[in-house]
Amino acid sequence: MEKHLVIGASGQLGIELTLGMQARYGIDAVVVSDIRQSTDLDVNRSEFILLDASDAHAVRKVLAEGKFTHVYHLVAMLSARGEQNPLDAWDLNMKSLINVLECAKDGLFEKMFWPSSIAVFGPNAPKTQTPQNTFCDPTTVYGVSKVAGELWAKYYFEHYGVDVRSIRYPGLIGHRSQPGGGTTDYAVEAFYCALEDKPFECYLEHYETLPMMHMEDAVRATLELMETSKENITVRTSYNLAGCSFSPSELNSEIVKIIPEFSTSYKPDLRQQIAASWPDSINDEAARSDWGWSAKYNTTGLIKAMLQALKV
Ligand code: SER
């Protein structure tokens, strides 16, 4: 029987991925772990294990005892917070990844998922339809840790046969969980302001287009990638994945169509520089042809879905 462990289950992606897996595989087939338990009551239907992923002994103990088949290692400090604490971000992002990869190498579980990001790209990658294979010269420590992590994933696959799979997520937008410490987080904040009838102050320039994705698409992509057979996977660093793309002013215009009183003002800060170094849109041909990926949500659909879900 399959048994899935989510490490970092109380974070933005962890919560949504756990809910998606509970629905797909059953509550008892999913175990969640983090340094603190989620406040989401549905997530907490699954068994919780208190775990600091940067503690190699603790990770090994949990994985040796748990008899898991699948491990989703989601722990990371994101781009904006990482720039305030570069060495802590490097330490957490790399140490926790290696801890889990080492256990995979020793056969403690069968399959691993680890998320990468559009943050692997930097100023020298093409901005539009950024290809799978191009310059990866990130300007943030988060991006550097993701490039290094991708190469470690490939190394463990090639040298030790570890079946580790990965996706370069765009900015993730969902209503069940709030992001923290990222650059793409502004979009989620905008929705909460819209629904609370508050004006929104955006820390990016009005024109700064970024690749984004509805959480439902992101969860489905993750599970589809994990379910595809090993032979289909030709990318062992991390797959590009496209959802939709929009700028803060496009987001504003779309929200105004539904909530006419909504307004956005702009006060760019350091996060604007990070966003400016990332792509506007992503080419995800490899994911499409290798494992049949196709996004469901375009910009309008994503915005409608978010506003509807938050209103309930
Ligand atoms: N959403 C992340 C961030 O903004 C990128 O992967 O840092």
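Here the structure is shown first, and the text comes after it.
Because the structure is a prediction, the values reported are computed rather than measured.

Calculation criteria
Think of each chain on its own: its residues are numbered from 1, step by step along the sequence as written. In keeping with the model being predicted, local features are shown solely for residues with a pLDDT of at least 70 and side-chain atom pairs are shown and tallied solely at 80 or more, while totals for entire chains, interfaces and linings include all residues. Here the side-chain values reflect all heavy atoms present in the structure, with hydrogen atoms and water set aside. Like-charged residues are merged into a patch within 9 Å and nonpolar side chains (Val, Leu, Ile, Met, Phe, Trp, Tyr) within 5 Å, provided each residue has over 30% relative accessible area and no salt bridge. Note on areas: Shrake-Rupley, 1.4 Å probe, and residue coverage restricted to the protein chains presented here. Any carboxyl oxygen of Asp or Glu within 4 Å of a side-chain nitrogen of Lys or Arg constitutes a salt bridge here. Numbering goes from the N terminus for both helices and strands, where a helix is a DSSP run of H or I of at least four residues and a strand is a run of E of at least two. Near is defined per residue: the residue qualifies when any heavy atom it owns lies within 4 Å of the molecule or strand. Any pair of N or O atoms that falls within 3.5 Å is considered a polar contact. Within protein, one atom must be able to donate a hydrogen and the other to accept it, and sequence-neighbouring residues count only if both atoms are side-chain atoms. Any residue outside Ala, Val, Leu, Ile, Met, Phe, Trp, Tyr, Cys, Pro, Asp, Glu, Lys and Arg is labelled polar, Gly included; the first ten of those are nonpolar and the last four are charged. Among the buried residues, those of types Ala, Val, Leu, Ile, Met, Phe, Trp, Tyr and Cys that are joined through side-chain atoms within 4.5 Å form a nonpolar core. Each residue's exposure class comes from its accessible area (1.4 Å probe, protein chains only) as a fraction of the maximum for that residue type: buried when under 20%, exposed when over 50%, partly exposed otherwise. Only heavy atoms matter for contacts: two residues are in contact if any of them lie within 4.5 Å across the pair. A pair of strands counts as paired when DSSP detects no fewer than two bridges linking them. To get an axis, fit a line to the C-alpha atoms, keeping to the stretch in contact for a helix; angles then go from 0 to 180 degrees between the N-to-C directions. The length a helix should cover is 1.5 Å for every residue beyond the first.

Bringing a nonpolar patch on the surface into the picture now. Among the surface-exposed residues, W152, Y155 and Y160 lie close enough to one another that they form a single nonpolar patch of about 290 Å² accessible area. The topology assignment puts W152 in helix α5 (residues 141-160).

Close contacts around the ligand come from L78, S79, S117, Y142, G182, T183, T184 and W278, and that covers them all. Contact distances for the ligand include 2.6 Å between an oxygen atom and a side-chain N or O atom of S117. One nitrogen or oxygen atom from the side chain of T184 is found 2.8 Å from a nitrogen atom belonging to the ligand. Burial of the ligand by the protein amounts to 92% of the accessible area it has alone, namely 240 Å². Here the shell around the ligand is built from residues that sort into three nonpolar, five polar and no charged.

So, on to the nonpolar core. Core analysis: the largest hydrophobic core is formed by 38 residues, its most contacted members being I173, Y186, F191, F246, L251, I255 and L302. At the level of elements, α5, α6 (186-195), β8 (200-202), β9 (210-214), β11 (244-246), α8 (248-258), α9 (270-276) and α11 (299-311) are the ones that each hand at least two residues to this core. Considering each element in turn, this core owes the most residues, seven residues, to α6. Those residues in contact with L251 that sit more than four places away from it in its chain are Y186, A187, A190, F191, F246 and I303. M21, M213, L241 and W293 belong to the second largest nonpolar core, which has 32 residues in total.

One open sheet accounts for three strands, arranged β7-β9-β11; its pairing is mixed. The open sheet has two edge strands, β7 (171-173) and β11, and neither has a second partner. Going from strand to strand, the sheet's axes swing by 45° on average, the running direction of each strand aside. One ladder, built from three bridges, connects β7 with β9; its direction is parallel. Directly across from L172, in β9, lies its bridge partner M213. Packing of α6 onto the sheet brings it into contact with β7, β9 and β11, and relative to β7 it is tilted by some 25°. Packed onto the sheet, helix α7 (residues 215-227) meets β7 and β9 and runs at close to 80° relative to β9.

This part is about helix α1 (residues 12-25). Helix length check: α1 (14 residues) gives 20 Å between terminal C-alpha atoms against 20 Å at 1.5 Å per residue, within 8%. Most of α1 is tucked away, with eleven of its 14 residues classed as buried. G26 sits one or two positions beyond α1 and adopts a positive phi of about 105°.

By themselves, these figures tell us nothing about what the structure is for.
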